[in-house]
Amino acid sequence: MRIGELSERTGASRRLLRYYEEQGLIVAERCANGYRDYDERFVDRILQIRGLLDAGLPTRIIKQILPCLDKPRTIYFPDATPEMLATLEGERDRMNERIHCLERNRNAISEYLCAVREYGANGS
């Protein structure tokens, strides 16, 4: 698919997609006319990259862990330093806290909806 379609499907601007390519996070094939051609799998890859960036991970670490997100997995550890591992552990823990908070909020909203619906059915 061309860059415009990938942009539309992921919500990432064309400029951002070119940046991801510069950083080595995605790779485009080139058509005979020079246009970029992206594989379908990059739709999910872009969403993963955006989620990791939103979680606070820098692109240099994202580039290293992206192979872990693919299936079949090929994990490559050329420069896994103790600092990088500590950073990833910290980010994982932060994500777990966010997940816990989101679950707690989801459950509270669900309880509220149930109470409002029950009141509406019995209180009208």
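Preceding this paragraph is the structure being described.
Residues numbered from 1 in each chain as written. Predicted model: local features only at pLDDT ≥ 70, side-chain atom pairs only at ≥ 80, totals over all residues. Heavy atoms only, no water.

Draft legend 1. A look at the packing of aromatic side chains. As enumerated under the stated definition, the model contains two aromatic pairs in all. Arranged with centres 6.4 Å apart and planes meeting at 55°, the rings of Tyr 19 and Tyr 20 form a pair that is tilted. Using a relative accessible area of 1% as the deciding quantity, one classes Tyr 20 as buried. On the basis of an interplanar angle of 85° and a centroid distance of 6.2 Å, the ring pair of Tyr 38 and Phe 42 is categorised as edge-to-face. For Phe 42, a relative accessible area of 3% gives the class buried. Directly above the ring of Phe 42 sits Arg 41, whose terminal nitrogen or CZ lies 4.5 Å from the centroid. (Phe/Tyr/Trp six-rings, centres within 6.5 Å; stacked < 30°, edge-to-face > 60°. Buried < 20%, exposed > 50% of the residue type's maximum accessible area, 1.4 Å probe, protein only. Lys NZ or Arg CZ within 6 Å of the ring centre and 35° of its normal.)

Draft legend 2. A look at the nonpolar core. In this structure, Leu 6, Tyr 38, Ile 46 and Ile 49 are the most contacted members of the largest nonpolar core, which totals 21 residues. Looking at which element gives the most residues to this core, the answer is helix α3 (residues 42-54), with five residues. Residues contacting Ile 49, with those up to four places away along its chain left out, are Tyr 20, Leu 25, Ile 26, Ile 62 and Leu 66. (Core = buried A, V, L, I, M, F, W, Y, C linked by side-chain atoms within 4.5 Å. Helix = DSSP H or I, 4+ residues; strand = E, 2+ residues; numbered from the N terminus. Contact = heavy atoms within 4.5 Å.)

Draft legend 3. How the structure looks around the packing of α3 against helix α4 (residues 59-69). Close contact between α3 and α4 brings their axes to 11 Å; oriented N to C, the two are set at 135°. Judged by the angle between their axes, α3 and α4 are oblique. Here α3 and α4 pass one another in a crossing that is right-handed. Here Arg 45, Gln 48, Ile 49, Leu 52 and Leu 53 of α3 come into contact with α4, specifically with Thr 59, Ile 62, Ile 65, Leu 66 and Leu 69. Among the residues forming the contact of α3 with α4, the class breakdown is seven nonpolar, two polar and one charged. (Axes fitted to C-alpha atoms, helices over the stretch in contact; angles between N-to-C directions. Parallel < 35°, antiparallel > 145°, perpendicular 65-115°, else oblique. Left-handed = near helix turned anticlockwise from the far one by under 90°. Nonpolar A, V, L, I, M, F, W, Y, C, P; charged D, E, K, R; others polar.)

Draft legend 4. Local environment of α3. Look at α3: 18 Å from first C-alpha to last across 13 residues, which is about the 18 Å you get at 1.5 Å a residue. Where α3 is concerned, the buried positions are Phe 42, Val 43, Arg 45, Ile 46, Ile 49 and Leu 52. Positive backbone phi, approximately 100°, marks Gly 56, located one or two places after α3. (Expected span 1.5 Å × (residues − 1).)

Draft legend 5. A look at the packing of helix α1 (residues 3-10) against helix α2 (residues 14-22). With their axes 9 Å apart at the nearest point, α1 and α2 run at an angle of 105° to one another. In terms of axis orientation, α1 runs roughly perpendicular to α2. Contact with α1, carried on its side by Ile 3, Gly 4, Leu 6 and Ser 7, involves Arg 14, Leu 17 and Arg 18 of α2 and no other residues of that element.

Draft legend 6. Fine view of α2. Those residues of α2 not exposed but buried are Leu 17, Tyr 20 and Glu 21. All buried residues of α2 project into a common sector of 100° when viewed along the axis, lining one side. Away from its buried face by more than 90 degrees, α2 exposes Arg 15 and Glu 22. For α2, the elements touching its buried residues are α1, β1 (29-30), β2 (36-37) and α3. (Arc of directions from axis to C-beta.)

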